[in-house]
2 protein chains.
Amino acid sequence: MRTVFFISDRTGLTAEALGNSLLTQFTKIEFKRINLAFIDTPKKAKMAATQIKEASELDGQPALIFSTQISQEYHQLLIDSGGIVFDFFDTFISKLEDILGVESSHTVGLSHSMINENTYGDRIDSINFVLNNDDGLNTKNYDTADIILTGVSRSGKTPTCLFLALQYGIYAANYPLIEDDFKTIKLPPILQKYKGKLFGLTINPVRLQNIRDERRSNSGYASIDQCRKEVKLAEDIFVQNQVPFIDTSHTSIEEIAGRILNKSKIERRY
Amino acid sequence: MRTVFFISDRTGLTAEALGNSLLTQFTKIEFKRINLAFIDTPKKAKMAATQIKEASELDGQPALIFSTQISQEYHQLLIDSGGIVFDFFDTFISKLEDILGVESSHTVGLSHSMINENTYGDRIDSINFVLNNDDGLNTKNYDTADIILTGVSRSGKTPTCLFLALQYGIYAANYPLIEDDFKTIKLPPILQKYKGKLFGLTINPVRLQNIRDERRSNSGYASIDQCRKEVKLAEDIFVQNQVPFIDTSHTSIEEIAGRILNKSKIERRY
């Protein structure tokens, strides 16, 4: 067991993203992860250093520290703690200064806020768009949708739409394929006009059964026969109507959203 | 103008997060950002290298490349493109190998999927919880909520709840404070039982007016007097009842969520 600290003067999301990405390359070691966010006062930095020292002593080996800490003063405290520091920020900033020919501002708290300030409204608008156009509730806004996800119930449409909105500011509607839609191999009438905006989600029937069964245990809805039938019919519709589609079975929401963005070539607002 | 490429064999979200964080320290330079995600074949890597070369020629200076590319072969193509590579992955992996005493698996595609596979269900559950308990629609599930956000209409409750769910797997409900709740300085009756789970959001009245005005232009709802009154009364309720609260006016959704997590000490599921 090895303790890993993610340390940042802000949320620590960047330190976690890169740190976890690096750690997944070491599958044989078990890591205990601790996120220390908003370490932005000398007192908090000292407490973090103490915690690192204690964890290292308990483990019998120095803790790993993944840091996006900007303050040099706090940085020194981390080094003095005895943990091993991987500084995701400082490692690159001087090379960047050299290449760009200007000094960095070394200012805490710019990272997320700067980028997001202007686009805050866009993100909120796109989230509201998802909520108002979820699950086929509303089809009258499809003209303004950037993309319309479609697939069987519980194939991952809503989380994917929300991630597309939060991360990229995309207006994502979604339309569930239900019994009525499976009577023919044609697209449901409401979708025909928007063929260019459609993107299908499919899923392994066994995985679908598991997901449905957690919600409505032992129902016909969650039976393997029903899941197999629906997935087959949905895929037939996608293929027949040249709707691009991806399998969400073993894929994170981030990756499903990323792949849709990549394949569909829709513009990010953010 | 300087062109910056974010290059990854997966979504590129990690490269973007750290890269943008570094770039915000150089406020005087304008950057053109291009995300090349899923660069996972020799053909795509060659196309990326060509695009970098062309951008560098057009700019009259080498493009910056922020990369989390794992493949050594594609990595070399990026270097040969003439752009300046900041390798967020390779820079740290050999130091990690030394310290951990094992070789990394150098396997593409582990980064998000590994971590998320087990927790996919948790994230979906928490997103569904948010959707089912949004905007005071439903108060009967407050027993199972991890946290209940409250504040005036358009103070940022829903996006924050969704981010808490997506990023951390937290069950976040939200309850809007409306006219009826402002008749006394007490907590609304339904919330009294859940005082320990409450977290307030407040907002600058002028900012609130702008947000509301975009939706319902020139309405009483969006008037500055109404916004000032509601914000004041909501803050009075927070203070009187010792509900912790934060100001969302100039803060990204990531940071609002991070600060709530930090202050409330609720457990992340993810």
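Only a predicted model underlies this, so the values are computations on that prediction, with no experimental measurement involved.

Draft legend 1. Representation of the overall build of chain A within the structure. Within chain A, the regular secondary structure consists of eleven helices and eight strands. By the compact-globule yardstick of 18 Å for 270 residues, chain A is too spread out, its C-alpha radius of gyration being 24 Å. Across the 270 residues of chain A, 48% fall into the buried class. A separation threshold of at least 6 residues defines the contact pool for chain A, and within that pool the share at least 24 residues apart is 69%.

Draft legend 2. The pairing of strand β7 (residues 198-202) of chain B, seen in detail. Residue and element names in this part refer to chain B. Taken across its five residues, β7 has five buried, putting it largely inside the fold. Here β7 shows two buried faces, one formed by L198, G200 and T202 and the other by F199 and L201. Bridging between strand β5 (residues 147-152) and β7 involves three bridges; their strand directions are parallel. Among the inter-strand pairings, T150 is bridged to a residue of β7, identified as G200. The pairing of β7 with strand β8 (residues 245-247) spans three bridges and is classified as parallel. Looking at β8, one finds that G200 is bridged to F245.

Draft legend 3. Layout of the sheet that holds strand β5 (residues 147-152) of chain A. Residue and element names in this part refer to chain A. On the basis of which strands lie adjacent, the open sheet formed by four strands has the order β6-β5-β7-β8 and parallel pairing. The outermost strands of the open sheet, each flanked by one partner alone, are β6 (172-177) and β8 (245-247). Going from strand to strand, the sheet's axes swing by 25° on average, the running direction of each strand aside. Along the sheet, helix α7 (residues 157-168) makes contact with β5, β6 and β7 (198-202), crossing β6 at roughly 170°. Its contacts with the sheet place helix α11 (residues 253-264) against β5, β7 and β8, and it is angled at close to 155° to β8.

Draft legend 4. View of the nonpolar core. Residues A:L162, A:A165, A:A172, B:L162, B:A165 and B:A172 are the most contacted members of the largest nonpolar core, which totals 90 residues. In contact with B:A165, other than residues within four places in its own chain, are B:R123, B:S126, B:I127, B:F129, B:V130, B:I170 and B:A172. Ranked by size, the runner-up nonpolar core spans 60 residues in total, among them A:L36, B:V4, B:L18 and B:I39.

Draft legend 5. View of the interface of chain B and chain A. If you look at the interface, chain B gives 59 residues, while chain A gives 59 residues. Broken down by secondary-structure element, the contributors of at least two residues to the side of chain B that touches chain A are α1 (13-23), β4 (84-87), α4 (90-100), α5 (111-117), α6 (120-132), α7 (157-168) and α11 (253-264) of chain B. Looking at the side of chain B that touches chain A, its residues break down into 29 nonpolar, 23 polar and seven charged.

Draft legend 6. View of the sheet that holds strand β2 (residues 31-36) of chain A. Residue and element names in this part refer to chain A. Read across the open sheet, the four strands follow the order β2-β1-β3-β4; overall the sheet is parallel. A strand with exactly one partner marks an edge of an open sheet, and here the two such strands are β2 and β4 (84-87). On average, each strand axis in the sheet is inclined to that of its neighbour by 20°, with strand direction left out of account. Bridge analysis of strand β1 (residues 2-7) against β2 gives six bridges, and the strand direction is parallel. Bridging across to β2, T3 finds its partner in K32.

Draft legend 7. Here's a closer look at the relation of the copies chain B and chain A. Superposing chain B onto chain A takes a rotation of 180° combined with a translation of 0.0 Å along the rotation axis, leaving an RMSD of 0.0 Å. Given the turn and translation reported, the copies of this chain are related as if by a two-fold rotation axis. It is B:T14 whose C-alpha, among those of chain B, lies nearest the rotation axis, at 3.5 Å. Comparing interface residues between copies, 100% of those in chain B also sit at the interface in chain A, which points to an isologous, same-surface contact.

Draft legend 8. View of helix α10 (residues 224-240) of chain B. All names here are of chain B. Between the first and last C-alpha of α10 there are 24 Å, a value that for 17 residues agrees with the 24 Å anticipated at 1.5 Å per step. All buried positions along α10 are accounted for by C227, E230, V231, A234, I237 and F238. Along the axis of α10, the buried residues cluster in a sector spanning 125°; they form a single face. Away from its buried face by more than 90 degrees, α10 exposes D225, D236, V239 and Q240. Buried residues along α10 sit against β5, β6 (172-177), β7, α9 (205-215) and β8. Just past α10, the residue Q242 takes up positive phi, approximately 50°.

Draft legend 9. Molecular detail of unusual backbone geometry. All names here are of chain A. Of note in the backbone geometry, K265 takes a positive phi value of approximately 60° without being a glycine. For K265, the position within the fold is in the segment after α11. Residue classification places K265 among the exposed residues on the basis of 6 C-beta atoms within 10 Å.

Draft legend 10. Broad picture of the confidence of the model for chain A. Taken as a whole, chain A shows an average pLDDT of 91; of its residues, 95% reach a score of 70 or greater. Across the predicted assembly, pTM comes out at 0.90 and ipTM at 0.89.

Draft legend 11. Representation of the environment of A:F86 within the structure. Counting through the fold element by element, A:F86 comes out in strand β4. On a C-alpha basis, the gap between A:F86 and A:A15 in space is 9.7 Å, while along the polypeptide they are 71 residues apart. Those residues in contact with A:F86 that sit more than four places away from it in its chain are A:L64, A:I65, A:F66, A:S67 and B:F92.

Draft legend 12. Region of the structure containing the packing of α7(A) against α11(A). All names here are of chain A. At a minimum axis distance of 9 Å, the contact between α7 and α11 shows a crossing angle of 75°. Judged by the angle between their axes, α7 and α11 are roughly perpendicular. Along its contact with α7, which presents P159, T160, F163, L164, Q167 and Y168, the element α11 presents I253, E254, I256, A257 and L261. Its residues assigned to classes, the contact of α7 with α11 shows eight nonpolar, two polar and one charged.

Draft legend 13. Structural view of the packing of helix α9 (residues 205-215) of chain A against helix α10 (residues 224-240) of chain A. All names here are of chain A. Relative orientation of the contacting elements α9 and α10 amounts to 125°, with a least axis distance of 9 Å. Here α9 is positioned oblique relative to α10, judged by the angle of their axes. The hand of the α9/α10 crossing is right-handed. Contact residues: α9 offers P205, V206, L208, Q209 and R212, while α10 offers I224, C227, R228 and V231. Here the contact of α9 with α10 is composed, by residue class, of six nonpolar, one polar and two charged.

Draft legend 14. Looking closely at the environment of A:Q167. Residues and elements named next belong to chain A. Relative to the helices and strands, Q167 is located in helix α7. Judged by local crowding, Q167 falls into the buried class, with 21 C-beta atoms found within 10 Å. Distance from Q167 to M1, taken between C-alpha atoms, is 33 Å for residues 166 residues apart in sequence.

Basis of the calculations
- Residues numbered from 1 in each chain as written.
- Chains lettered and ligands numbered in written order.
- Predicted model: local features only at pLDDT ≥ 70, side-chain atom pairs only at ≥ 80, totals over all residues.
- Helix = DSSP H or I, 4+ residues; strand = E, 2+ residues; numbered from the N terminus.
- Rg over C-alpha atoms; globule rule 2.2 N^0.38 Å.
- Buried ≥ 20, exposed ≤ 12 C-beta atoms within 10 Å, placed from the backbone.
- Contact = placed C-beta atoms within 7 Å.
- Pairing = 2+ DSSP bridges.
- Axes fitted to C-alpha atoms, helices over the stretch in contact; angles between N-to-C directions.
- Core = buried A, V, L, I, M, F, W, Y, C linked by C-beta atoms within 7 Å.
- Nonpolar A, V, L, I, M, F, W, Y, C, P; charged D, E, K, R; others polar.
- Least-squares fit on C-alpha atoms with pLDDT ≥ 70 in both.
- Expected span 1.5 Å × (residues − 1).
- Arc of directions from axis to C-beta.
- pLDDT = per-residue confidence, 0-100.
- Parallel < 35°, antiparallel > 145°, perpendicular 65-115°, else oblique.
- Left-handed = near helix turned anticlockwise from the far one by under 90°.

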